[in-house]
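Single-letter residue listing:
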Amino acid sequence: MTNNFSRRNRVSETLFSSEYGGSGQETRFLELEVATKAALAGGEVLQSYWGNLKSVQEKRPGDLVTEADKASEAAIIPILQQHFPDHAILTEESGKLGNQDSEFVWAIDPLDGTTNFAHQYPVFAVSIAILQGGIPQAGAIYAPFYQELFQGARGLGATCNGEPLRVSQTSE
């Protein structure tokens, strides 16, 4: 896999245009921008480990962890902390970090699909979401092998590589 990010997509101008005013929407937009930045950073780390793993460990039977998981998480956490220092963070590898009294919690899986990644099966992603009071507000999922970026935010809809996702009109 190359480190070519030419297909990295920006937040969809169509989806997040000025028609969505209001401070709640602006907050969701900022959270989505930060989640996206962090997911792309984690994905770039994963690309560097693709086919180059030196260590695969078993946390519990059937639950693997690699140095790629840890390195991706290490790239993601500072981005979230820089923009939202008062928020809590829940990660698959490090557990609970930050302000555990915050109503805002970032949920991170730095390598969603570790078993696939470890076996060089290219179905894996970085998954990041922000919850407020336990309710999802915004999130980004980046599948670096396919360079697919999924983004979504409460009240703003969802996109894949900048193209709006819609429910099918098919009834059957």
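For the structure, see preceding data.
These notes cover the structure that comes with them. Only a predicted model underlies this, so the values are computations on that prediction, with no experimental measurement involved.

Looking along a regular strand, one sees the side chains alternate between the two faces of the sheet. Judged from the six bridges that link them, strand 7 (residues 135-143) and strand 8 (residues 148-153) form a sheet pairing that is antiparallel. Across the sheet, the residue bridging to Ile-141 is Phe-150, located in strand 8. Between strand 7 and strand 8, which pair antiparallel one after the other, the connecting turn spans four residues, and Gln-147 there sits at a positive phi close to 50 degrees. As judged from the four bridges shared by strand 8 and strand 9 (residues 157-160), these two strands associate in the antiparallel manner. Bridge pairing links Ala-153 to Gly-157 in strand 9. The loop that links strand 8 with its antiparallel partner strand 9 comprises three residues; one of these, Gly-155, has a positive phi angle of about 85 degrees.

Here we take up the sheet that holds strand 4 (residues 95-98). What the eight strands build is an open sheet, ordered 4-3-5-6-7-8-9-10; its pairing is mixed. On the outer flanks of this sheet lie strand 4 and strand 10 (163-164), each paired with one strand and no other.

By the element assignment, Pro-85 lies in the loop between helix 2 (67-83) and strand 3 (88-91). Overall, the relative accessible area of 58% leaves Pro-85 in the exposed class. Sequence separation of Pro-85 and Asn-99 is 14 residues, and the distance between their C-alpha atoms is 8.2 Å.

All right, on to the packing of aromatic side chains then. One pass over the structure, following the stated rule, counts six aromatic pairs. Taken together, a centroid distance of 5.4 Å and an interplanar angle of 65 degrees make the contact between Trp-50 and Phe-117 edge-to-face. One end of the pair, Trp-50, is in the loop between helix 1 (23-49) and strand 1 (56-60); the other, Phe-117, is in helix 3 (residues 114-118), with 67 residues separating them in the sequence. Ring geometry for Trp-50 against Phe-145: centres 5.4 Å apart, planes inclined by 55 degrees, an arrangement best described as tilted. With Trp-50 in the loop between helix 1 and strand 1 and Phe-145 in the loop between strand 7 and strand 8, the pair connects residues that are 95 residues apart, well separated along the chain. Residue classification places Phe-145 among the partly exposed positions, given a relative accessible area of 33%. One aromatic cluster in this structure is built from Trp-50, Phe-117, Phe-124, Phe-145 and Tyr-146.

The rules behind the values
Residues numbered from 1 in each chain as written. Predicted model: local features only at pLDDT ≥ 70, side-chain atom pairs only at ≥ 80, totals over all residues. Heavy atoms only, no water. Pairing = 2+ DSSP bridges. Helix = DSSP H or I, 4+ residues; strand = E, 2+ residues; numbered from the N terminus. Buried < 20%, exposed > 50% of the residue type's maximum accessible area, 1.4 Å probe, protein only. Phe/Tyr/Trp six-rings, centres within 6.5 Å; stacked < 30°, edge-to-face > 60°.

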